[in-house]
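Analysis of the macromolecular model
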Amino acid sequence: MILGTEYRIEIHKWSEDSELSKNSWVGYCCCDLPLIVIADLDDEEHFHFDNEEEKDVYFKSSLRHEIIHAFLNESGLKDNFEHVPRMGHEETMVDWIANQFPKIADVYEKLGIL
Ligand SMILES: [Zn+2]
């Protein structure tokens with residue numbers, strides 16, 4: 001549930017999802033369906049990891065990134081200005097929020113301000 005909207009999370013094979021393959025994406029977030037897709041990281045033709053832990057970290061990081069897109073979508077910011085020039089998400093900031101959120105939440109929790 002993202003701000004009242006239920007998103008499905010699906011794992012798609014890179015070779016069977018043209019959105020992933022034609023854009024060289026690992027994941028995407030579609031607010032119209034609503035759906036979050038993460039590439040099947042077991043596809044060794046497109047992804048290489050030294051071990052399962054590395055793959056797990058990458059999966060979680062990718063999913064966190066797409067969930068931030070979903071929050072932005074559901075709060076009224078639906079477009080990506082790297083793709084649609086008028087407004088939208090800035091990918092570096094999406095990554096920053098996705099990566100720093102657990103640490104921010106930890107600080108808020110310790111201060112009792114969540
Ligand atoms: Zn993104």
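An account of the accompanying structure is given in this report.

Before going further, it helps to spend a moment on the pairing of strand β2 (residues 27-30). When β2 meets strand β3 (residues 35-39), the two strands line up antiparallel, connected through 4 bridges. Paired with Tyr28 across the strands is Val37, a residue of β3.

We now examine the side chain of Asn73. Structurally, the position occupied by Asn73 is in helix α2 (residues 52-74). Of the residues examined, Asn73 reaches a relative accessible area of 3% and is grouped as buried. If near-sequence neighbours (up to four positions away) are discounted, Asn73 is found in contact with Tyr7, Cys29, Cys31, Lys78 and His89.

Let us now look at the environment of Trp25. Within the secondary structure layout, Trp25 lies in the loop between α1 (18-23) and β2. Remark: the alpha-carbon pair of Trp25 and Val37, spanning 12 residues in sequence, is separated by 9.9 Å.

As for its position among the elements, Glu16 is in the loop between β1 (8-12) and α1. Along the sequence, Glu16 and Ala39 sit 23 residues apart, while their C-alpha atoms lie 9.9 Å from each other.

Enumeration over the complete set of coordinates arrives at 0 disulfides. Cys30 forms no disulfide, and the closest cysteine sulfur to it belongs to Cys31, at a distance of 5.9 Å. What makes Cys30 partly exposed here is its relative accessible area of 21%.

A word on the side chain of His89. Relative to the elements of secondary structure, His89 occurs in the loop between α2 and α3 (91-111). Polar side-chain contacts of His89 include one of 2.5 Å to the side chain of His69. Among the polar contacts made by the side chain of His89, one reaches the side chain of Asn73 at a distance of 3.4 Å.

For the rest of this paragraph, the subject is the coordination of the zinc ion. Coordination of the zinc ion by the protein comes from His65 (NE2), His69 (NE2), Glu91 (OE) and Glu91 (OE), over a distance range of 2.0 to 2.8 Å. Its 4 donor atoms give the zinc ion angles of 51 to 137° at the centre, a pattern that matches the irregular case. In terms of primary sequence, the donors binding the zinc ion are separated according to H-x3-H-x21-E. Of the two residues, His65 is situated in helix α2 and Glu91 in helix α3; the sequence distance between them amounts to 26 residues. A residue is classified by how much of its surface remains accessible, and Glu91, at 22% relative accessible area, is partly exposed.

Here is what the cut-offs are and how they apply
Residues numbered from 1 in each chain as written. Predicted model: local features only at pLDDT ≥ 70, side-chain atom pairs only at ≥ 80, totals over all residues. Heavy atoms only, no water. Pairing = 2+ DSSP bridges. Helix = DSSP H or I, 4+ residues; strand = E, 2+ residues; numbered from the N terminus. Buried < 20%, exposed > 50% of the residue type's maximum accessible area, 1.4 Å probe, protein only. Contact = heavy atoms within 4.5 Å. Disulfide = S-S within 2.5 Å. Polar contact = N/O pair within 3.5 Å; in protein donor to acceptor, adjacent residues only side chain to side chain. Donors = N, O, S within 2.8 Å, 3.2 Å for Na, K, Ca; no water. Tetrahedral: all angles 85-135°; square planar, octahedral: opposite > 155°, others 65-115°.

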